[in-house]
Amino acid sequence: MPKRFNHLYPRIHDFKHLLFCANAARKGTGWTHETSHFYFHLERQLLSLKDELESETYLPGAYRYFSILDPKPRMIAVAPFRDRVVHHALVDLLTPIYEPRFIDDSYATRVDKGTHKAVLRCQHFLKRSPFYLKTDIRKFFDSVDHQVLLKLLEHRIKDKQLLLLIEKIIFNVSNTGKGLPIGNLTSQFWANVYLDPLDHYVKEVLQIKGYVRYMDDFVIFSQTGRVLNGLLDAIENFLEGQLKLRLHLGNTWLNTANHGLSFIGMRIWPHYIRTRSENWRRSQKKMHRRIKEFEQGKLNDDQISQSLQSIVGYHQRFKSSDNLLK
């Protein structure tokens, strides 16, 4: 039985902790009108939030939605800024509890992980395994079952006040009992909690060494294609039986290392890596948008510099003697 943690809730409404989390949330959103208004009345806003959390009267607000094409249409949910402060407070509190539990080869939204290391890890396995199976989960964020998620959280969290706060945030998205809003910091964290049983099943029960997961996309590497075909059925049964999820069979590929692996925007071979053409085109469009925003006065010198450096840097990270960006 894993250790369960209690007496966590007082740290959620600690004023210094809320101030720290407000600054963290602001870094992710910039100085929007809503953020500026919150900071203009910062002490009053944080004291109000502290009082609501402490008295357990806090209720999350309504989401604002907009759609993006990345590369397929996605509906992004934006929580009010004060709710994003609470999201940061939750994730900041829970990360030290869950990080020791997560496997090394889960790379999404974790400190010292990310796309760069996930791609290089895939290349590491491609050099040693001639076959791979790549797949993802069908409509993952829409399919997350709230009750299953809460039971998974209860395996590690004993604090009833904290669990009640988590319930409020999870249930705020819909009344169907399913779904997490794309774009929330908490949703990204819950995703890793929700898929952690899959990671341990693959590594410990199926005894697979070559495995990389980034959010709901994952790859398994093997010496033979026959082994991978057998694993697919086992993983399907586990996902449906334990997590109420289904694989996206239309996005499931069994292939060889020599043909390359398409994963999180990159095309990976055992001895070189290149950006997928559609990702390069999206990056170019993003650069043009940022330049236009700069010319319109929407971005200052520092903002345009940081934005362009970030876009170019993403594509240059894989340049080395063994990883040639082509």
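Each value, and the rule that gives it
- Residues numbered from 1 in each chain as written.
- Predicted model: local features only at pLDDT ≥ 70, side-chain atom pairs only at ≥ 80, totals over all residues.
- Heavy atoms only, no water.
- Pairing = 2+ DSSP bridges.
- Helix = DSSP H or I, 4+ residues; strand = E, 2+ residues; numbered from the N terminus.
- Axes fitted to C-alpha atoms, helices over the stretch in contact; angles between N-to-C directions.
- Core = buried A, V, L, I, M, F, W, Y, C linked by side-chain atoms within 4.5 Å.
- Buried < 20%, exposed > 50% of the residue type's maximum accessible area, 1.4 Å probe, protein only.
- Contact = heavy atoms within 4.5 Å.

Turning to the sheet that holds strand β8 (residues 266-268), a few remarks are in order. Taken in spatial order, the 3 strands line up as β7-β8-β9 in an open sheet, and their pairing is antiparallel. At either end of the open sheet lies a strand with only one pairing partner, and these are β7 (261-263) and β9 (273-275). Sheet twist, expressed as the average angle between the axes of neighbouring strands with direction ignored, equals 25°. Bridging between β7 and β8 involves 3 bridges; their strand directions are antiparallel. Along β8, the bridge assignment pairs Leu261 with Ile268.

Right, let's get into the nonpolar core. Counting residues in each nonpolar core, the largest one holds 87 residues, and the members touching the most others are Leu94, Leu153, Leu162, Ile166, Leu198, Leu243 and Phe263. Here this core takes 10 residues from helix α5 (residues 81-98), the largest share from any one element. Not counting chain neighbours up to four residues away, the residues in contact with Leu243 comprise Val148, Leu152, Tyr194, Leu195, Pro197, Leu198 and Phe238.

Looking now at the side chain of His87. Within the secondary structure, His87 is located in helix α5. If we skip the residues at most four places from it in the chain, His87 touches Ala79, Ile169, Asn184, Leu185 and Thr186.

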